[in-house]
Amino acid sequence: MHQKTVGNATVHYRTEGQGPGLLLVHGTGATGETNYGHLLKHFTEHHTVIAPDYAGSGDTVDDGADLALDQLVDQVLGACDDVTDEPVDIVGFSLGAVIAAAAAARHPERVRRLVLVAGWARNDDLRKRLGFQLWRRLADVDPELYSHYISLLLFTPGFLADLDEETFTSSVGGIEVSEGTLRQIELGLDVDIRDLLPRVTAPTLVVGCRHDQLVPVQHSRELHEAIADSTYLEIESGHLAPAEAPDELVDAIQKFLS
């Protein structure tokens, strides 16, 4: 792991491979490793992969204050600056897609191509808000309920039903409550990037997860509609596509980047 000071944060990131830069931005409560570690082998032959942990995740340390979108944009691009001064391709998942889209809008000179997976632009969808609010409040009630609830929203019923109890407990069911994750959930409840999307000029692929119960797929469709000349596809997956549909997701990203 490497580290870079960005503002008031010490950002930890992993870099591996060779070729043009590929920035991977993780989702809420995850790290670059947990969302993308098992996928890196598919990209490192042709890309220099950069996988940072933004504030609230992994070993990255900051002042513990409420998170702001611009702050996280600066952190993930700061990690890139440590590795390359050339424009990079960015893949963002969930909250990472929101961060990636904001980065492309605010710093178009830094972004070559953009992939947004299971992202969103607005925070006024009552269905989504209720889900995020309950997710946040369960952390104060019971860590096990918190873990089980988010697991129900992350995966399709069939995928979750086929997990044996040991696998579930050791991985999905082992999701822990952390102060950093709670800060990220709260940002997810507040963030709205609709005004930024018309400023995205990089070629963009939007990937929707057809059976997403955390961020309904309509939000991905709205991202596509708001980003000029973007490409759109849907995959058969719940929200956590990197775990549930890794082959389909990798195939979509590779075809777009090549």
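Note that this is a predicted model, so its numbers are computed, not measured. (Residues numbered from 1 in each chain as written. Predicted model: local features only at pLDDT ≥ 70, side-chain atom pairs only at ≥ 80, totals over all residues. Heavy atoms only, no water.)

## Some thoughts on unusual backbone geometry
Notably, Ser-94 is not glycine yet its phi reads approximately 60 degrees, a positive angle. The residue Ser-94 is located in the loop between β5 (88-93) and α3 (95-106) in this model. (Helix = DSSP H or I, 4+ residues; strand = E, 2+ residues; numbered from the N terminus.)

## A word on the packing of helix α4 (residues 126-141) against helix α8 (residues 179-190)
Here α4 crosses α8 at 160 degrees, and the two axes come no closer than 10 Å. Judged by the angle between their axes, α4 and α8 are roughly antiparallel. For the element pair α4 and α8, the recorded crossing hand is left-handed. Residues Lys-128, Arg-129, Phe-132, Gln-133, Trp-135, Arg-136 and Ala-139 of α4 lie in contact with α8, whose contacting residues are Leu-182, Ile-185, Glu-186, Gly-188 and Leu-189. Of the residues contributing to the contact of α4 with α8, the split by class is six nonpolar, two polar and four charged. (Axes fitted to C-alpha atoms, helices over the stretch in contact; angles between N-to-C directions. Parallel < 35°, antiparallel > 145°, perpendicular 65-115°, else oblique. Left-handed = near helix turned anticlockwise from the far one by under 90°. Contact = heavy atoms within 4.5 Å. Nonpolar A, V, L, I, M, F, W, Y, C, P; charged D, E, K, R; others polar.)

## Concerning α3
Given 3.6 residues to a turn, an α-helix orients residues that are three or four positions apart in the same direction. For α3, built from twelve residues, the straight-helix expectation of 16 Å at 1.5 Å per residue is met to within 8% by its first-to-last C-alpha distance of 17 Å. Along α3, the positions that sit buried rather than exposed are Leu-95, Gly-96, Ala-97, Val-98, Ile-99, Ala-100, Ala-101, Ala-102, Ala-103, Ala-104 and Ala-105. The elements touched by buried residues of α3 are β3 (21-25), α2 (69-83), β5, β6 (111-117) and α8. (Expected span 1.5 Å × (residues − 1). Buried < 20%, exposed > 50% of the residue type's maximum accessible area, 1.4 Å probe, protein only.)

## Re the packing of α4 against helix α5 (residues 143-154)
A packed helix pair is summarised by two numbers, namely the angle formed by the two axes and the spacing between the axes. Between α4 and α5, whose axes approach to 7 Å, the crossing angle comes to 155 degrees. With respect to each other, α4 and α5 are oriented roughly antiparallel. Where α4 crosses over α5, the handedness of that crossing is left-handed. Along its contact with α4, which presents Leu-130, Gly-131, Leu-134, Trp-135, Leu-138 and Ala-139, the element α5 presents Leu-145, Tyr-146, Tyr-149 and Ile-150. Each residue belonging to the contact of α4 with α5 can be placed in one class, and the counts come to nine nonpolar, one polar and no charged.

## Details of the packing of aromatic side chains
One pass over the full model with this rule turns up three aromatic pairs. Where Trp-120 meets Phe-132, the ring centres are 5.7 Å apart and the plane angle is 70 degrees; that geometry is what we call edge-to-face. Here Trp-120 is found in the loop between β6 and α4, whereas its partner Phe-132 is found in helix α4, with twelve residues between them in sequence. Of the two residues, Trp-120 and Phe-132, neither departs from the other in class, the shared state being buried. (Phe/Tyr/Trp six-rings, centres within 6.5 Å; stacked < 30°, edge-to-face > 60°.)

## Regarding the nonpolar core
The biggest cluster of nonpolar side chains holds 82 residues, and the ones touching the most others in it are Leu-23, Ile-90, Ile-99, Val-115, Leu-116 and Ile-193. The leading source of residues in this core is α3, at ten residues. Not counting residues up to four positions away in its chain, the partners in contact with Val-115 are Ile-90, Val-91, Gly-92, Leu-205, Val-207, Ile-253, Phe-256 and Leu-257. (Core = buried A, V, L, I, M, F, W, Y, C linked by side-chain atoms within 4.5 Å.)

## Topic: the pattern of salt bridges
Within this structure, the stated rule accounts for 18 salt bridges. Here Asp-70 ties to Arg-106 by a salt bridge, and the two come within 2.8 Å at their closest N and O atoms. Linking Asp-70 in helix α2 with Arg-106 in helix α3, this pair joins segments that are 36 residues apart in sequence. Judged by relative accessible area, Arg-106 falls into the partly exposed class, the value being 34%. In this structure, the salt-bridge partner of Asp-89 is Arg-112, at a minimum N-O distance of 2.9 Å. Separated by 23 residues along the polypeptide, Asp-89 in strand β5 and Arg-112 in strand β6 bring together distant segments of the chain. The class of Arg-112 is partly exposed, set by a relative accessible area of 31%. Sharing partners across several salt bridges, the network here consists of Arg-122, Asp-124, Asp-192, Arg-194 and Glu-222. (Salt bridge = Lys/Arg side-chain N within 4 Å of Asp/Glu carboxyl O.)

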